[in-house]
Structure formats: C-alpha cells, structure tokens
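Below, each chain spelled out in residue letters.
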Amino acid sequence: MKNYLVSVCLLLLAACRATEIAIPEPVKNIEGTWRITKATRNGTDLTNVVDFSKFRLHFQNNTYTIDNLLPFIVSGKGTWSLDDPQYPFKITFHQEGVDSSVVTKFDYPITDGQRIINLVFSPGCINNTYQYTLEKISK
Amino acid sequence: MKHNKYTGILKYTLIVLACLVLSRCVYLNEVDQPSEVKAGQDLVAVMHTRFEIAEARAADRIVVGILVPKSWNAAANTTMTYTTTSMGSGTMVKIPAGVLTNGKEWPAALRERYGIGPNLLDDMEWVVFWSQTTYDVVNGDKQDVDIKIVTKTGPENMRVKLGYFIASSSDGLNDFYTNRPYKAIFKDCFEVTDGDGDLVDFCNPQLAITDPNSSLDNDIMTITFNADVVNTPLTGAQDVYFCVKAYTNDGQVIDRCVQQPGSRMPKAAGVGNRYSITFWPRQYFNVSANQTINRLEYYFTDASGNIKVGYGNTASPFVYTFKCK
C-alpha cells in the first residue's frame, strides 16, 4: 500500500512538470513583389506628391529586380541577402556591375496583420534621408 | 475622525504633488553671439544659464544643444566648455548615439520638439553635447553655468537664426513638471560673410524655396513659389507652371519649359499662396546613366508661358546648383 501511494505521488509530480516546447523562430521570407505605401524625405511626407504607385521591387531567391525606378538604395537589378535569416537586422543589395554592396537597416514589423519593410537610405546627398515603407502585393 | 483621515490623505497628496511638479528650474538667461562672422571662421557664443535644484539627482550631466546649418558639420567642428558657480569647470562632448530622451536620440528629440525654430529653410540640424563630468546635485543647490561654444562656420554666405538649448541628462525633455526643466532660445539673424556662392537666407521669406537646400540630382526635390512675399506679375494667377533648363556635366542643356500637367505647380492647402512641384531631376530631365545634372535655371510662369517671374521678381532666372555639403 505504501509503495502504491509513493508511486501515485511520483506520477502526479511527473504530471505537474512543465513541458518546454521549443518553437523555432521562422525564417523571414521576403520573396515576392513589394510596392511603396509611404515615403518620406527628411521626415517630410512625399507619398502624395510623387507618383510612387508604379515602383515595384521583386525579390526572388537571392536576386532582386526593380520596375519603374525611383530614387532607391540601388538603381539596377542584382542580388540581395539578409544578415540573419531568422533575426534579420540588415539587408545587403549588390547591384550588377557595381563593385561595392550597399548595406542598410532592415526593419520588418507587422502592421495590421501584415509584414511591411521599412528601408532608410540616402540615394543622393548623404545629408538627405529617405524612408520607404513597402508592402507585399504578391508571393 | 473621518475629517482627520481625509486631511491626512490630502496633506500626503499635496506633498507628493509638490515633489513631482518641481524637480528643478533651468534658466537660459541670454546668449552672447556676434552678429556676423566670415565664412570658415569660428563663431564664439556664450550661454548664460542657471540651475536651481529642487530634487536631488545622481550622476547628472549638463546638456547643451545648438541648432545650426547642416553645411557647418558642427558635430565635428564644435568645442564646448563651461564654468559653474561652485562645481568647477569642464568640457563637453557630443552625446553618444543610443542615448535617448523621450524615446529618441537627443538630436531627433530636439528636432521633434523645436523643429528648425524660426528658420525658413529646412537644412538645419540639432547638435547636442553633454558635460564629460557627472554631478550628484542636492536639493536647494543653485548654480550659474556659463557655456562657451566655439563652432566653425561653413563655406557659404548665409543668414540664419541659430538656436541654443539647455537641459540636464536626468530630466531631459520631461514635460511633467510645472516649470519645464529645459529651455531654448533662438537668436536674431546671424550672417556669414565673404563665403562662396549666392546668399543662403534662412531668415527671410524667399520667392523660391528649394527643399532640400542641399541635394544631388538623384534626390527628390521640391521647389515652391511663395507668391505672398511680394506682388509679382503672377499675383492672382489661377495656375502657375515650372519653366526650367537643366545643365549637365557633358554640356547638354535640357529645356523643360512647357505649360502642361506635368509642369503645373499645385497650390498648397492652408499655407497662403504657395505653389509647389516635387520631382526627381534625373527622371524629369530623362538624363542618361552617364550624365549628371550640375544646375537648374528656372522661372515660374502662367498658363500661357508669356508671364515669367524670375530671381528677385526680375527677368533673370532662379539658379539652383546641385551640391552636397
């Protein structure tokens, strides 16, 4: 009887033990086509004074292409990479025919249930900072 | 008994509130500054400030900000020193990146709070220093602090209203207190003389406003016709158009003086009679990958193109040179 009670107690204790479930952070998949939903220059909103509607940024595998170019981090197609596929903080663009790569901060928050990309860069004078907010329009 | 209970609560509440609403008083009494300096020479200014402490603080620093044209590169070309009534003197250094007040780095926080002050061209920046030494301050302490600022002016001729800001690292831009523990002053128009190029006037309204003031042809550019500055032949015009020539590095002159929807300058809402056009120069002038645009010459016209307004309301064009300083 005594052994039985000990066994029951051990069983109950085991049942109470918290089970840790490791949920791996998913790889950030930005492949697809992105469009600009907001653009600022030195904090001034340009979204409604410049036609950004036709600009498209396509990510596929490790390459990117741009349709209807506007001032951007790069001005032609090439390759891209994230510094960490699960926890990216930087994105690198390497334009074809250009020796050096451009690295910029990669901000990938969820807004209204959707991932967006915020990119900050200076395509002209280094004193002028632009921020584009991009939204994915297809996979 | 009930009365005594509520009286006690009231007293306690008042004591707590008194502690909260008065942390310290900061005064920025005056800033001594010359009226003009030659381009590339040092501007020496002295801020006369006073701190009256009403709540002890540990490891506190004096924080000083200046609002200056970006072209001065003041972060690299400025030194600051200070003297106090009884806490000695010292030097100040640029606040390291990552130090926040109100959730932002200090320059961004001051930009949000004060913008560009009374200046009219948005080509200015806040540069913020703090004392190298930290201080443990006690309730009742009173210190007169004079801060000497030496900053090298840029190469351009300009008129600008400089800004000066004083605070402490502990209280930052805290607005909770009844007497804000920070202060700012914007001075009258200061002039840089004997420099390069046309006068850049941050102080006075201009017929044509370019934003950004410094840009290259791969920036997005906004040009505004401020029709409220003076009566011009375009006063009362229904529509204003942008008439421009671009001069490239290989000697090409690209003419875009056509009155059409793409060159129309819509009137901005709520800011008087201001007409603006925003464009990407490389696209607007369709230059090749090998070309760069050096400068623009432009007028504002009516729908017919017959009425033109140029620099200073004359027949000469406005000139914009692409540069990055």
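Source: prediction; values computed, not measured.

Draft legend 1. Quick peek at the sheet that holds strand 2 (residues 36-38) of chain B. Residue and element names in this part refer to chain B. Reading across from one edge, 2-16-13-17 is the order of the four strands in this open sheet, with mixed pairing throughout. Each end of this open sheet is capped by a strand with a single partner; those strands are strand 2 and strand 17 (196-201). Taking each pair of neighbouring strands and ignoring which way they run, the sheet shows an average axis angle of 10 degrees. One ladder, built from three bridges, connects strand 2 with strand 16 (residues 190-193); its direction is parallel. Residue Val37 lies in a different strand from strand 16, and its bridge partner there is Val192.

Draft legend 2. Fine view of the pairing of strand 6 (residues 90-95) of chain A. Residues and elements named next belong to chain A. Here strand 6 shows one buried face, formed by Ile91, Phe93 and Gln95, and one open face, formed by Lys90, Thr92 and His94. Where strand 5 (residues 78-82) meets strand 6, five bridges bridge the pair, whose relative direction is antiparallel. Residue pairing for strand 6: Gly78 is matched across the bridge by Gln95. Taken together, the four bridges between strand 6 and strand 7 (residues 102-105) define a ladder with antiparallel strand orientation. Counterpart to Lys90 in the pairing with strand 7 is Lys105. Linking strand 6 back to strand 7 in an antiparallel pair, the connection comprises six residues, with Gly97 at a positive phi of about 80 degrees.

Draft legend 3. Just the state of the cysteines, in detail. Summed over all chains, the structure comprises three disulfides over all chains. Cys125 of chain A shares a disulfide with Cys324 of chain B; S-S distance 2.1 Å. Residues Cys125 of chain A and Cys324 of chain B share a disulfide whose torsion about the S-S bond is about 75 degrees; that sign makes it right-handed. Note that Cys125 of chain A is positioned in the loop between strand 9 (114-121) and strand 10 (130-138) and Cys324 of chain B in the segment after strand 26 (318-321), a pairing that runs across two chains. Note that Cys189 of chain B is cross-linked by a disulfide to Cys203 of chain B, the S-S spacing being 1.9 Å. Here Cys189 of chain B and Cys203 of chain B share a disulfide; its torsion about the S-S bond, 105 degrees, makes the bridge right-handed. Of this pair, Cys189 of chain B sits in the loop between strand 15 (183-186) and strand 16 while Cys203 of chain B sits in the loop between strand 17 and strand 18 (208-211), and the two are 14 residues apart along the sequence. When its relative accessible area of 8% is taken as the criterion, Cys203 of chain B is described as buried.

Draft legend 4. The arrangement of the domain arrangement of chain B in detail. Residue and element names in this part refer to chain B. Domain annotation of chain B identifies domain 1 (22-197) and domain 2 (205-321). For domain 1 and domain 2, the distance between their C-alpha centroids amounts to 37 Å. Across the contact, four residues belong to domain 1 and five residues belong to domain 2. Surface buried jointly by domain 1 and domain 2 totals about 440 Å² across both partners, of which 55% is contributed by carbon and sulfur atoms. If you sort the residues of domain 1 by the area they bury against domain 2, Leu120, Leu121 and Asp123 come out on top, with a joint share of 78%. Remark: the boundary between domain 1 and domain 2 carries zero salt bridges.

Draft legend 5. Here's a closer look at the environment of Asn62 of chain A. Residues and elements named next belong to chain A. Here Asn62 is to be found in the loop between strand 3 (56-60) and strand 4 (63-67). Separated by 19 residues in sequence, Asn62 and Ser81 place their C-alpha atoms 6.5 Å apart. Excluding anything up to four places from it in sequence, Asn62 contacts Gly78, Thr79 and Trp80.

Criteria and cut-off values
Residue indices follow the written sequence of each chain, beginning from 1 at its first position. Here the convention is simple: chains get letters from A, ligands get numbers from 1, in the order in which they are written. Confidence filtering applies because this is a predicted model: local features only for residues at pLDDT of at least 70, side-chain atom pairs given and counted only at 80 or more, and all residues used for totals across whole chains, interfaces and linings. To obtain the side-chain values, all non-hydrogen atoms of the structure were used and water was disregarded. Two strands form a pair only when DSSP identifies at least two bridges running between them. Secondary structure elements follow DSSP: runs of H or I of four or more residues count as helices, runs of E of two or more count as strands, with numbering from the N terminus. Throughout, an axis means a line fitted to C-alpha atoms (over the contacting stretch in the case of helices), and angles, computed between N-to-C directions, take values from 0 to 180 degrees. Relative accessibility under 20% of the residue-type maximum defines a buried residue, over 50% an exposed one, and the middle range a partly exposed one, all with a 1.4 Å probe and only protein chains included. Here, a disulfide means two cysteine sulfur atoms that sit within 2.5 Å of each other. Per the annotation, domain bounds derive from an automatic or database assignment of domains. Any pair of residues with heavy atoms lying within 4.5 Å of one another is described as a contacting pair. By definition, the buried area sums, over both parts, the 1.4 Å-probe accessible area that each loses when the two are put together. Think of a salt bridge as a Lys or Arg side-chain nitrogen and an Asp or Glu carboxyl oxygen that are within 4 Å of each other.

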